[in-house]
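Inside the fold
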Amino acid sequence: MVNYRSIDDFLSELYVYKHRANYGSRKRRLLRSCDIPLPLLALCIANSSDATEILMLSYLLADSRFREDMFSEDSSSSMEGAEYLASSIFVGMLIGGTVLGFLSDRIGRRPALLLGLLTNSVAGMCSSLPIFAPSFVSLTMWRFVAGVGIGATVPPLFTLASEWSSKEVRGVFVTTVASFWMVGSIFVSSLAWCLFQLDPMHELPIWRVFAATCALPSLLGAWMVYNYVPESPRFYLAAEKRDYELAAKTCNQMALLLNVHLDHEKESTLLGAAFDHRAVHPLTKDELFSHHQDNAANNFNSSENAHSPTNRAKLNQTINSSVDSLRKLYSSQLLPRTTLPLQLLWFCLSFATYGITTWINTLFVEIQLENIYFNSFLFALSSLPGNIVSMVYSDRYGRKKMLIGSLIGAASGLVVFATTVYAGSRQENDGQSNTSMQTFVIVVCACAFQAFGTISWNTIDIITAEMFPTNVRSAGMGVCTATGRLGGILSQCVNAKLIVDDTGAAWILVVASISLLFGAGMPLVLDRDMTMEELRDDAIEDSTDCCCSRKHKDHLSDEETDMPQLQLQSSRSLEYQSFQQEVESNQPFLL
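Keep in mind that what you see is a predicted model, and the values were worked out from it rather than measured.

**Digging into the overall build of the protein chain**
Broken down by element type, the protein chain carries 26 helices and zero strands. Looking at the protein chain residue by residue over its 591 residues, the buried ones come to 59%. Restricting the contact set of the protein chain to residue pairs at least 6 apart, pairs at least 24 apart contribute 82%. Accessible surface, the protein chain: about 24,100 Å² in total, of which carbon and sulfur atoms supply 61%.

Have a look at this one:
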């Protein structure tokens, strides 16, 4: 019996082909290492646009002209109502992540991502215009709408990143997408540093120009996703009416986008045959069909025979699909070792990081640091070492170890930060100012927190996308991100109340460190570490046996898989096996 390739096998071949192409002279390898594939770049820019919209509020709250326009007519120091403005975007992210997380498993990852990016860009632009946002209430409304768009982008974004990457580079691929949060944060900090320095007396509404510019990356991300990111082939195979032909077509489309030569002379490459690194053969629907035999009789060529349902029927199907996904996520198979621990992780990490990043510039003002925009730029730039560590070691040492270590490191930085700030507040009460050493320690601890926090976010993005099966992966991402938004909302309310106290800055840091330490225990509860393992395509059923059989490829059971096929599947060529070991040990940058 012939054993054809699966989606994972095809993506692995693309990875091997691209890595072979990177071999050659040192100059050639250097040039190709800077050549980021357009599909990956599109997802990266989409993630960076979320960072600009979220972090821009931190700079607005620190601007006296913004506070004068929005909070008080006669005082630029009033912050009454700031917690509602800061929380509005997280409330929107909660709703957007929950609704679109479930819908993207129904309508597709790509449409959901485009909808979120366009919503984000429109709301961001409207919040900068006086005609649409003349007051605090209207600005809060537009920040809420922008939050809906941001929340809608996260589940399909990281679902696409994980489903379009092979197991050899999944950690690097998802980390690369996540690392562009740093690019967005550096962009917004540099923009604030340049624009707000143009008006040191705060006589002009520079903050509106700043807000309008921050909306542009979302528009750019939507354009690039529309042109360069195909729909996930796993989505077509996880649907009720599996479309093998369309899934194979999107896989071959991705190969062309990655500049991989497809050899159409031969129909397919058998797993037991010698691997030809000079060309990749197109993936066919027959190969995908062989890996989904359980519904083959009913689903083969189903797209040609299915009738179009009515709009009401589509709505009912969408609602039923969302309810079914929710039931599967909170079933006994996923709840105790996957869904609940991940939700608690997202809550703790979001509470700490969003609470600090939103108020970091206000904290710098409260502790009287000089040139807060320069210090904010250093704070944003400190994500770089965290991203580098994530890319190099996420596939080597495992996700759990990386997550636990980074959470403890971030909490330790905040504890030292809080101790130094508290000592400085005591000196200020005695009429003394912060010493240069205290200022240095504060900036270093803030940067250390940001670096370790970046590692934590990169790792949790990978873990969440890996732990859930394909048919509930985006819904699982949506539930976890929604729980994180609850942590973000709570942190804004808590920090707004604490900041008014003399020692409030230190207490904000202490509370955030406690949250991180609690979250550091959650990876120990997770079901398993999916490092260097294939994604779970098995469907969650009522029977516990189906979920426990994770070692089987896709969702084939023992009765459906005969011995000759298993022998062919395990008999890859020696060249292909040795090269896989070589590239896994070298850990190249990406496809």
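Moving on from the coordinates now.
**Let's talk about the packing of aromatic side chains**
The tally for this structure, following the rule as stated, stands at 14 aromatic pairs. With centroids separated by 6.5 Å and ring planes inclined at 20°, the aromatic side chains of Phe347 and Phe351 adopt a geometry described as stacked. In this pair, Phe347 and Phe351 are both assigned in helix H17 (residues 335-366), four residues apart and thus about one turn of the helix distant. Overall, the relative accessible area of 10% leaves Phe351 in the buried class.

**A closer look at the pattern of salt bridges**
In total, this model carries five salt bridges according to the counting rule given. Between Arg65 and Asp69 there is a salt bridge, with the nearest N and O atoms lying 3.1 Å from each other. Highlighted residues: Arg65 and Asp69, both in helix H4 (residues 64-70), separated by four residues, approximately one helical turn. You can call Asp69 partly exposed: its relative accessible area is 32%. Salt bridges here are not isolated pairs; linked through shared partners, they connect Arg109, Glu163 and Arg473.

**Some details on a nonpolar patch on the surface**
Taken together, the side chains of Leu381, Leu384, Ile388, Val392, Tyr393 and Tyr397 make up a nonpolar region of the molecular surface, amounting to roughly 490 Å² of accessible area. It is helix H19 (residues 383-393) that provides the largest number of residues to the nonpolar patch, a total of four residues. Take Leu384: its relative accessible area is 37%, and that puts it in the partly exposed class.

**Brief notes about helix H21 (residues 436-467)**
Its 32 residues place the ends of H21 46 Å apart at the C-alpha level, agreeing with the 46 Å of an ideal helix rising 1.5 Å per residue. In terms of burial, H21 is a largely internal element, 24 of the 32 residues being buried.

**Observations regarding the packing of helix H3 (residues 38-61) against helix H7 (residues 136-163)**
Their axes nearest at 10 Å, the elements H3 and H7 cross at an angle of 150°. Classified by the angle their axes make, H3 and H7 are roughly antiparallel. Along this stretch, H3 crosses H7, giving a crossing that reads as left-handed. Together, Leu43, Ala46, Asn47, Asp50, Glu53, Ile54 and Met56 of H3 and Arg143, Ala146, Ile150, Thr153, Val154, Leu157, Phe158, Leu160 and Ala161 of H7 make up the contact between the two elements. Partitioned by chemical class, the residues of the contact of H3 with H7 number eleven nonpolar, two polar and three charged.

**What to know about helix H6 (residues 109-126)**
Over its 18 residues, H6 runs 26 Å from end to end, which matches the ideal 26 Å to within 8%, given 1.5 Å per residue. Looking at H6, one finds that the buried residues are Arg109, Ala112, Leu113, Leu114, Gly116, Leu117, Asn120, Ser121, Ala123, Gly124 and Cys126.

**A closer look at the nonpolar core**
Ranked by internal contacts, the top residues of the largest apolar core, which has 92 residues, are Phe66, Phe196, Phe210, Phe417 and Leu516. The element that contributes the greatest number of residues to this core is H17, accounting for eleven residues. Beyond its immediate chain neighbours, meaning those up to four positions away, Phe210 contacts Met56, Tyr59, Leu60, Val188, Leu191, Ala192, Leu195 and Phe196. If you look at the next biggest cluster of nonpolar residues, it comprises 46 residues, including Tyr17, Leu43, Met254 and Leu288.

**Observations regarding empty space enclosed by the protein**
In the structure shown here, the tally under the stated rule is six cavities of 30 Å³ or more. Lining the largest cavity are 26 residues, and of these Ala178, Trp181, Tyr354, Trp457 and Asp461 sit closest to its centre. Elements with a minimum of two residues in the lining of the largest cavity: H3, H7, helix H8 (170-196), H17, H19 and H21. Of the residues forming the lining of the largest cavity, the biggest block, seven residues, is contributed by H21.

**Points about the packing of H17 against helix H22 (residues 473-498)**
Running from N to C, H17 and H22 cross one another at 40°; their axes reach a closest spacing of 7 Å. By the angle class used here, H17 and H22 are oblique. Viewed along their axes, H17 and H22 form a crossing whose handedness is right-handed. Class assignment of the residues belonging to the contact of H17 with H22 gives a composition of 13 nonpolar, twelve polar and one charged.

**Notes on the confidence of the model for the protein chain**
Regions with low pLDDT carry predicted coordinates that are not meant to be interpreted in detail. On average, residues of the protein chain score 76 in pLDDT, and 74% of them reach the 70 mark or higher. A low-confidence stretch, residues 542-580 (pLDDT under 50), is modelled with 80 contacts involving residues beyond four sequence positions or located in other chains.

**Points about the environment of Cys348**
Of note, Cys348 is situated in helix H17. Taking the relative accessible area as the measure of exposure, Cys348 reaches 6% and is therefore buried. Taking the C-alpha atoms as reference points, Cys348 and Ser491, separated by 143 residues in sequence, lie 10.0 Å from one another. The contacts of Cys348, once residues within four sequence positions are left out, are Ser515, Phe518 and Gly519.

**Details of the side chain of Ser185**
Tracing the backbone through its elements, the reader meets Ser185 in helix H8. According to the relative accessible area criterion, Ser185 is buried, its value standing at 2%. Among residues more than four places away in sequence, those in contact with Ser185 are Ala51, Leu55 and Ala380.

**Topic: the environment of Arg67**
Turning to its location among the elements, Arg67 is positioned in helix H4. The class of Arg67 is buried, set by a relative accessible area of 15%. Among the polar contacts made by the side chain of Arg67, one reaches the main-chain carbonyl oxygen of Leu61 at a distance of 2.8 Å.

**Overview of the environment of Ser376**
Its place among the elements puts Ser376 in helix H18 (residues 372-381). Accessibility expressed as a relative area gives 3% for Ser376, which makes it buried. When the C-alpha positions of Ser376 and Val443 are compared, they lie 9.2 Å apart, and in sequence the two are 67 residues distant. Residue contacts for Ser376: discarding those within four places in its chain leaves Tyr59, Ser189, Asn361 and Phe364.

Definitions and cut-offs
- Residues numbered from 1 in each chain as written.
- Predicted model: local features only at pLDDT ≥ 70, side-chain atom pairs only at ≥ 80, totals over all residues.
- Heavy atoms only, no water.
- Helix = DSSP H or I, 4+ residues; strand = E, 2+ residues; numbered from the N terminus.
- Buried < 20%, exposed > 50% of the residue type's maximum accessible area, 1.4 Å probe, protein only.
- Contact = heavy atoms within 4.5 Å.
- Areas by Shrake-Rupley, 256 points an atom, 1.4 Å probe, with all protein chains shown as cover.
- Phe/Tyr/Trp six-rings, centres within 6.5 Å; stacked < 30°, edge-to-face > 60°.
- Salt bridge = Lys/Arg side-chain N within 4 Å of Asp/Glu carboxyl O.
- Patch = residues over 30% accessible without salt bridge, like charges linked within 9 Å, V, L, I, M, F, W, Y side chains within 5 Å.
- Expected span 1.5 Å × (residues − 1).
- Axes fitted to C-alpha atoms, helices over the stretch in contact; angles between N-to-C directions.
- Parallel < 35°, antiparallel > 145°, perpendicular 65-115°, else oblique.
- Left-handed = near helix turned anticlockwise from the far one by under 90°.
- Nonpolar A, V, L, I, M, F, W, Y, C, P; charged D, E, K, R; others polar.
- Core = buried A, V, L, I, M, F, W, Y, C linked by side-chain atoms within 4.5 Å.
- 1 Å grid on protein atoms, 1.4 Å probe; cavity = no way out; pocket = protein on both sides within 12 Å on 5 of 7 lines; lining within 4 Å.
- Points joined across faces, edges and corners; volume = space filled by probe spheres on them.
- pLDDT = per-residue confidence, 0-100.
- Polar contact = N/O pair within 3.5 Å; in protein donor to acceptor, adjacent residues only side chain to side chain.

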